[in-house]
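Below, each chain spelled out in residue letters.
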Amino acid sequence: MENISDKKETLYKIANNLFWSWDSETRNLFEKIDLDIWDKVGHNPIKLLDAIDDERFKNLFEDDEFLHLFLNVSRGVQNYLNGNTWYKTNYPNENKLTIAYFSAEFGLTECVRIYSGGLGVLSGDHIKSASDLGIPLIGIGLLYSKGYFQQALDKEGWQKEYYIIEDFHKLPIELQRDENNEPLKVKVRIAGENVFIQIWKINLGRTFLYLLDTDIEINSKQNREITETLYGGDIETRIRQEIVMGIGGIRALEALNITPNVCHMNEGHSAFLSLERTKMGMEKYGLSFNEAKSLCLQSNIFTTHTPVPAGIDVFTRELINKCMKEYYREELKLSEDEFMTLGNLPNGLELSSFNMAHLAMNSSMYVNGVSKLHSIVSRELWADRFNGIEKDDIPIGSITNGVHLKTHTASNMQKLFAKFLPDFWGNDLYKKDTWNSLTDLPDNELWEVHNENKNKLINFTRQSVIKQSMDKGIDISNIDLENILNPDALTIGFARRFATYKRATLIFSDLEKLDKILNNQDHPVQIIFAGKAHPQDHAGKEFIQAIYKISLDERFKNRIVFLENYNLEVARYLVSGCDLWLNNPRRPLEASGTSGMKVVTNGGLNFSILDGWWDEAFTPDLGWKIGDRENSFNSDFNDEKDIHDLYNVLENEIIPLYFNRNEQELPNLWIEKVKNSISELSWFFNTDRMVTEYFNKYYIHALKNYNNILLEKSLN
Ligand SMILES: *Cc1c(COP(=O)(O)O)cnc(C)c1O
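Residues numbered from 1 in each chain as written. Predicted model: local features only at pLDDT ≥ 70, side-chain atom pairs only at ≥ 80, totals over all residues. Heavy atoms only, no water.

Caption draft 1: Focus on the pattern of salt bridges. A full pass over the atoms with the stated rule returns 44 salt bridges. Among the ionic pairs, Lys-549 bridges to Glu-156, the shortest N-O distance being 3.6 Å. Highlighted residues: Lys-549 in helix α22 (residues 538-552) and Glu-156 in the loop between β3 (150-153) and β4 (159-162), separated in sequence by 393 residues. Since its relative accessible area comes to 42%, Lys-549 is described here as partly exposed. Under the relative-accessibility criterion, Glu-156 is labelled partly exposed at 46%. A salt bridge links Asp-215 to Arg-224; the nearest nitrogen and oxygen atoms lie 2.9 Å apart. For Arg-224, a relative accessible area of 29% gives the class partly exposed. Each of Arg-251, Glu-276, Lys-279, Glu-283 and Glu-331 takes part in one network of salt bridges that share partners. (Salt bridge = Lys/Arg side-chain N within 4 Å of Asp/Glu carboxyl O. Helix = DSSP H or I, 4+ residues; strand = E, 2+ residues; numbered from the N terminus. Buried < 20%, exposed > 50% of the residue type's maximum accessible area, 1.4 Å probe, protein only.)

Caption draft 2: Representation of the domain arrangement of the protein. As assigned here, the protein comprises domain 1 (4-83), domain 2 (87-401 + 692-715) and domain 3 (405-421 + 428-685). Each side of the interface is counted separately: domain 2 has 34 residues, and domain 3 has 43 residues. Overall, the association of domain 2 and domain 3 removes approximately 3,300 Å² of surface from exposure, summing both partners, and the carbon and sulfur fraction of that is 57%. Applying the counting rule to domain 2 against domain 3 returns four salt bridges. (Domains from an automatic or database assignment. Contact = heavy atoms within 4.5 Å. Buried area = accessible area lost by both parts, 1.4 Å probe.)

Caption draft 3: The packing of helix α10 (residues 235-255) against helix α11 (residues 273-285), seen in detail. Relative orientation of the contacting elements α10 and α11 amounts to 45°, with a least axis distance of 7 Å. Regarding the angle of α10 to α11, the classification is oblique. Crossing of α10 over α11 shows right-handed handedness. Between α10 and α11, the contacting residues are Gly-246, Ile-247, Ile-250, Arg-251 and Glu-254 on the first element and Leu-273, Glu-276, Arg-277, Lys-279, Met-280 and Lys-284 on the second. (Axes fitted to C-alpha atoms, helices over the stretch in contact; angles between N-to-C directions. Parallel < 35°, antiparallel > 145°, perpendicular 65-115°, else oblique. Left-handed = near helix turned anticlockwise from the far one by under 90°.)

Caption draft 4: Here's a closer look at the layout of surface pockets. Approximately 1,500 Å³ is the volume found for the second largest pocket. Ser-116, Leu-119, Arg-497, Tyr-501 and Lys-502 are the residues nearest the centre of the second largest pocket, which is lined by 49 residues in total. At the level of secondary structure, the elements contributing two or more residues to the lining of the second largest pocket comprise α8 (118-133), α15 (356-362), α23 (568-577) and α24 (595-600). With four residues, α8 is the largest single contributor of residues to the lining of the second largest pocket. (1 Å grid on protein atoms, 1.4 Å probe; cavity = no way out; pocket = protein on both sides within 12 Å on 5 of 7 lines; lining within 4 Å. Points joined across faces, edges and corners; volume = space filled by probe spheres on them.)

Caption draft 5: Seen up close, the site of the ligand. Taken together, 13 residues are adjacent to the ligand, and Ala-571, Gly-593, Thr-594, Ser-595 and Lys-598 come closest. In the model, an oxygen atom of the ligand is placed 3.1 Å from a nitrogen or oxygen of the Thr-594 main chain. With respect to the ligand, the side chain of Ser-595 contributes an N or O atom lying 2.5 Å from an oxygen atom. Considered on its own, the ligand offers 390 Å² of accessible surface; in the complex 93% of this is hidden by protein. Residues belonging to the shell around the ligand are distributed by class as follows: four nonpolar, six polar and three charged. Here the shell around the ligand gathers at least three residues from each of two domains, domain 2 (87-401 + 692-715) and domain 3 (405-421 + 428-685). (Near = heavy atom within 4 Å. Polar contact = N/O pair within 3.5 Å; in protein donor to acceptor, adjacent residues only side chain to side chain. Areas by Shrake-Rupley, 256 points an atom, 1.4 Å probe, with all protein chains shown as cover. Nonpolar A, V, L, I, M, F, W, Y, C, P; charged D, E, K, R; others polar.)

Caption draft 6: Broad picture of empty space enclosed by the protein. As enumerated under the stated definition, the model contains ten cavities of 30 Å³ or more in all. Approximately 150 Å³ is the volume found for the largest cavity. Considering the residues around the largest cavity, the lining is formed by 14 residues, among which Ser-21, Glu-110, Thr-407, Leu-568 and Arg-572 are closest to the centre. At the level of elements, α17 (405-408) and α23 are the ones that each hand at least two residues to the lining of the largest cavity.

Caption draft 7: Expanded view of unusual backbone geometry. In this model, Arg-587 is joined to Pro-588 through a cis peptide bond whose omega is 5°. Within the element layout of this structure, Pro-588 appears in the loop between β18 (580-583) and α24. The backbone of Asn-181 shows a phi angle near 65°, a positive value even though the residue is not glycine. Structurally, the position occupied by Asn-181 is in the loop between β5 (174-175) and β6 (185-190). Notably, Asn-565 is not glycine yet its phi reads approximately 60°, a positive angle. Along the polypeptide, Asn-565 turns up in the loop between β17 (560-563) and α23. Take Asn-565: its relative accessible area is 14%, and that puts it in the buried class.

Caption draft 8: Local environment of the pairing of strand β15 (residues 490-495). Most of β15 is tucked away: six of the six residues are buried. Side chains Leu-490, Ile-492 and Phe-494 of β15 all project onto a buried face; the interleaved residues Thr-491, Gly-493 and Ala-495 project onto the opposite face, where all are buried too. Direction of pairing for β15 relative to strand β16 (residues 525-530): parallel, over a ladder of six bridges. By the bridge assignment for β16, Leu-490 is matched with Val-525. In the classification by handedness, the crossover that spans β15, the intervening helix α21 (residues 511-518) and the parallel β16 is right-handed. (Pairing = 2+ DSSP bridges. Right-handed = clockwise from strand over helix to strand, strands pointing away.)

Caption draft 9: View of the packing of helix α18 (residues 411-420) against helix α20 (residues 443-471). At a minimum axis distance of 10 Å, the contact between α18 and α20 shows a crossing angle of 170°. Classified by the angle between their axes, α18 and α20 sit roughly antiparallel to one another. Handedness of the crossing formed by α18 with α20: right-handed. Between α18, through Asn-412, Met-413, Leu-416, Lys-419 and Phe-420, and α20, the contact on the second element is made entirely by Glu-445, Leu-446, Val-449, His-450, Glu-452, Asn-453 and Lys-456. Its residues placed into classes, the contact of α18 with α20 shows five nonpolar, three polar and four charged.

Quick look at the structure:
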């Protein structure tokens, strides 16, 4: 039995490093232990292992096939942890760098519910790529006990929100303790009260993510609730969360003996970190306030994600005073106006409110938008900050988002690529040459694997429809399962946040036309929708309801389905199983968008407005566009044109191409486009490329600045 307990311990070790969330072989191991339980526990390996008794483990390890897989996976994890990396190769002597990457949400895997959507998935992908590249970057965020809301629709198609309370002790996550084995705590002062914070750690491959948690007994009820929900509280909860994340985050790192020399703010939520870094610079290195501010400024990176002012946190002077007066007076020794200035235009005279994007930009030398187009829009949005500077010279750079390919590419597709290029999934995914030979993939195999995933999506959708109907109290005996969706139909996916600018109902503008398109006998088409509306977004919920109602219409029944509770799992089925990914936001409101990138390596094609990433990715040989490069910030000026274009391209180009089959029954011209899309887009629109770009453009310079300032100080 002893041997078993060693092996069991190894399994827990493997489970406690989220490397499994992007390594399909490791996930396969968990599936092999017990697929039913794995599904039932929401793909949480700790809960899975807890549910297996020793007798079962014994039987498993007596099975040669399982044992072989287990040994392979253990070796794989070790090889990963000890392997050579981009960073080791390029910076063999740089051992001082520590980058702290702050984000309000991290989308890592479905059982760790501390994300809502695109921003979180991007943060998760960023840190996973940092691990793959060997870059010394750690993540900081909040550990929400209830996370983001779960979505269910009622019988009328109206979105209902509910929360699941997380038991952190059943997650692959570990409470940090001090030398007395007590939970390690730091504190911040908010509104005259102590707020204590404990710290949890997630192992992510070669790196870590630290998560802050105020839900401890010594805190008041209000303060315990600071880390309860993601984007769920009121404006005061929001500022309290941001104080905990920014100021508490730097203190937590200090308590862990980590002094980051580079800080990256993913969106403005964490911008208070600059205050605490400045204070630390004064205390630790004896710098003046201005010197310390400069140290912080020159080693901070700020990434903005919104093209509109409404997307930014702005706090009133009252709220700032209520929550932070003690901090800015006693710790920073600033007057009220001096402090308010930090959250305003550099020469701002109007100090009635405090804007987190201004704070972030006032304290970051390196600022960027998340696509080429978004950085142009951002330069316009923030032009007031740069009076007298030509638009093109405004120092807001551009680093286009990407996706973590191993996380978002289906495992059978990964295997197919590896079959033709054995070393494919190594360290060179961001190099164009790596992808060139993928055009040699045999059409039939590529098509077969894609259709395998399409069938998985259809099955998943059918099961979900049954479950969703039961939850609504609908009699399921009348549901003809085999009739829900058609494996031969061109399958369109539309899944994203239901913000109104994304125009989820655009394709329903002409129902008669849509009826003709979807119900064509020879060329059937179907659409799967998913996505949540923010609990306060009434108009977004109306869009969802409209789609739900249309999906019940006799003409569209079983051809249009709304999948509830969009999350990383639902997304995985959708991006790997759809033939076509539709995105029709109002240009230029989609800063980047990333779900369309996930579709690429899964063998789907994009059909989108020329906004965000697609504005720089699109060429006619690898996908389709809707409309032209015209902006329509907040009017419905372009709707008519876009609707016309959408139907026209769908009817006259996309559908004919999909159903055009050669003598082997393959849509060879469609497949050619898929291959173009994979080989021309994947090397660029991934987070390995993105993170190396952050490294080369910003991180390495920020480190030099930091070291130089401290060196000069010590020489003086
Ligand atoms: C990728 C992803 C997103 C981001 O998609 P966008 O195209 O940016 O809207 C949102 N939610 C989930 C669950 C995702 O996987």
